[in-house]
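# Descriptive structure summary
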Amino acid sequence: MAAASVPGGPRTLAGSRARRSRETWVGRAFFAAALVSVIITVFIILTLFEQAVEFVLSIELTQLVAQGWFPRRGMFDIATLLIGTFLVTAIAMAIAAPIGLFSAIYLSEYASPRIRGIVKPILEVLAGIPSVVLGFFALTFINPNVVQALVPTAKGFNLAAAAIAVGILTIPLVATISEDAMKAVPQALREASYGLGARRVTTATRVVVPAAISGIVAAIILGVSRAVGETMVVAVAAGASGGSLRSWNPFEPGQTMTAAMAALATGSDQVAGDNAAFQSLFFVGLVLFISTLALNLVGDAFVRRVRQAY
């Protein structure tokens with residue numbers, strides 16, 4: 001008997017000609033949407049690259065190595081911004097990574113469904129707080145009550161206060177993704193651990209966390225990307241809106257790459273000052289893009305290496 005006459009055969013499963021036509025057009029619409037996003041990304045990269053090259057060609061290379069980042073004066077020390085970005089990211093992740101991971105372990109392995117239903121929405125509300133609000137919180141509470149209480153010589157605007165606020169902002173991201181990764185670990189692994197006499201804490205730290213390590217690493221990488229890309233918290237709490245001197249001291253005013261771009265472009269569609277100041281925005285943007293891309297590529301390679309299939 002032919003396949004077409006068998007109920008459930010290939011032609012029956014394929015549906016009518018009108019249905020296949022609709023599916024074809026839907027597939028083309030989805031492909032067009034994906035293609036548009038790719039084209040937009042390509043144009044953004046090309047614009048960044050073109051303007052960054054124009055900036056480099058319009059200045060002396062010695063201007064990229066100066067005492068600090070003062071673009072309106074023709075001082076484009078990119079190392080100042082890289083140091084500020086590194087300090088903010090390192091302090092923020094020193095806060096967000098352990099707190100977020102421990103929160104995920106509690107929600108996944110210890111919390112009852114009722115407690116999880118209360119705590120997880122609170123974390124999501126914390127993630128929804130506008131960053132500018134956390135910036136003012138860092139300026140008016142974290143700095144005088146935490147940073148200056150520990151380091152009395154800290155300035156009124158400093159990178160440490162901004163970094164703590166960025167860490168608070170990053171905790172829900174790390175916690176939520178890590179908890180999802182741990183919940184995806186098969187229950188059979190936990191039962192096998194309990195069957196061997198392991199305690200709950202041993203099962204959580206020696207079985208569940210290693211099994212979910214790829215998701216946890218992905219959560220930390222996303223947290224780092226979130227910290228690197230944060231703008232308003234640093235712009236409000238770290239000061240140095242007109243520029244900053246190169247310094248490794250987190251208790252001094254400073255700038256990250258994103259905050260420097262926001263501060264430089266504020267107030268006009270054409271940045272006043274040195275002729276190359278406007279193009280420096282694209283140069284910093286390109287450096288930020290390359291840094292974030294490299295971080296994600298390294299993290300993705302690590303995640304693929306340690307990922308386990310169950």
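Residues numbered from 1 in each chain as written. Predicted model: local features only at pLDDT ≥ 70, side-chain atom pairs only at ≥ 80, totals over all residues. Heavy atoms only, no water.

### Brief notes about the packing of helix H6 (residues 159-183) against helix H9 (residues 213-229)
- For the pair H6 and H9, the least separation of the axes is 8 Å and the interaxial angle reads 160 degrees. Classed by the angle they form, the pair H6 and H9 counts as roughly antiparallel. Between H6 and H9 the crossing geometry is right-handed. Contact with H6, carried on its side by Val166, Leu169, Thr170, Leu173, Val174, Ile177, Ser178, Ala181 and Met182, involves Gly215, Ile216, Ala219, Leu222, Gly223, Arg226 and Ala227 of H9 and no other residues of that element.
- Class assignment for the residues of the contact of H6 with H9 results in eleven nonpolar, four polar and one charged. (Axes fitted to C-alpha atoms, helices over the stretch in contact; angles between N-to-C directions. Helix = DSSP H or I, 4+ residues; strand = E, 2+ residues; numbered from the N terminus. Parallel < 35°, antiparallel > 145°, perpendicular 65-115°, else oblique. Left-handed = near helix turned anticlockwise from the far one by under 90°. Contact = heavy atoms within 4.5 Å. Nonpolar A, V, L, I, M, F, W, Y, C, P; charged D, E, K, R; others polar.)

### Some details on the environment of Val287
- Within the secondary structure layout, Val287 lies in helix H12 (residues 277-306).
- As for Val287 and Leu64, which are separated by 223 residues in sequence, their C-alpha atoms are 13 Å apart.
- Setting aside residues up to four positions removed in sequence, Val287 forms contacts with Leu82 and Met257.

### A word on a nonpolar patch on the surface
- A cluster of nonpolar side chains, contributed by Phe31, Leu35, Val38, Ile39, Val42, Phe43 and Leu46, occupies part of the molecular surface with about 670 Å² of accessible area.
- Mapped onto the fold, Phe43 is located in helix H2 (residues 17-58).
- In this structure Phe43 comes out as exposed when scored by relative accessible area, which is 53%. (Patch = residues over 30% accessible without salt bridge, like charges linked within 9 Å, V, L, I, M, F, W, Y side chains within 5 Å. Areas by Shrake-Rupley, 256 points an atom, 1.4 Å probe, with all protein chains shown as cover. Salt bridge = Lys/Arg side-chain N within 4 Å of Asp/Glu carboxyl O. Buried < 20%, exposed > 50% of the residue type's maximum accessible area, 1.4 Å probe, protein only.)

### Considerations on the confidence of the model for the protein
- For the protein, the mean per-residue pLDDT works out to 85, and 91% of the residues sit at or above 70.
- Across the protein, the element-wise mean pLDDT spans from 57 in helix H1 (residues 10-14) up to 92 in helix H3 (residues 78-110). (pLDDT = per-residue confidence, 0-100.)

### A look at the sheet that holds strand E3 (residues 244-245)
- Sheet architecture is open: three strands sit in the order E2-E1-E3, paired in antiparallel fashion. Each edge of the sheet is formed by a strand with only one pairing partner; in this case those strands are strand E2 (75-76) and E3.
- Strand direction decides the pairing type here: strand E1 (residues 68-70) and E2, joined by two bridges, are antiparallel. From the neighbouring strand, Phe70 faces E2, where its bridge partner is Met75. (Pairing = 2+ DSSP bridges.)

### Considerations on the packing of H3 against helix H4 (residues 113-127)
- Close contact between H3 and H4 brings their axes to 10 Å; oriented N to C, the two are set at 155 degrees. Comparing their axes, H4 and H3 come out roughly antiparallel. For the element pair H3 and H4, the recorded crossing hand is left-handed. Taking contact as the criterion, the partners of Tyr106, Leu107 and Ser108 in H3 are, on H4, Ile115, Arg116, Val119 and Leu123.
- Among the residues forming the contact of H3 with H4, the class breakdown is five nonpolar, one polar and one charged.

### Re the pattern of salt bridges
- Going through the model one piece at a time under the given rule, you end up with six salt bridges.
- Across the pair Glu179 and Arg116 runs a salt bridge whose closest N-O atoms are separated by 3.9 Å. Remark: Arg116 occurs in helix H4 and Glu179 occurs in helix H6; sequence separation between them is 63 residues. Considered together, Glu179 and Arg116 belong to a single accessibility category, that of buried residues.
- Between Lys120 and Asp180 there is a salt bridge, and its shortest N-O distance comes to 3.3 Å. One end of the pair, Lys120, is in helix H4; the other, Asp180, is in helix H6, with 60 residues separating them in the sequence.
- By relative accessible area, which is 18% here, Lys120 ends up buried.
- One salt-bridge network, in which partners are shared between bridges, spans Arg116, Lys120, Glu179 and Asp180.

### Brief notes about the nonpolar core
- Among the nonpolar cores identified, the biggest contains 24 residues, and Val88, Ile142, Val147, Ala162, Val166, Val233 and Val234 are the most heavily contacted of them.
- Those elements that place two or more of their residues in this core are H3, helix H5 (131-150), H6 and helix H10 (232-237).
- Top element by residues in this core is H6. It accounts for nine residues.
- With near-sequence residues (within four places) excluded, Ile142 lies in contact with Phe137, Val147, Ala161, Ile164, Ala165 and Ile168. (Core = buried A, V, L, I, M, F, W, Y, C linked by side-chain atoms within 4.5 Å.)

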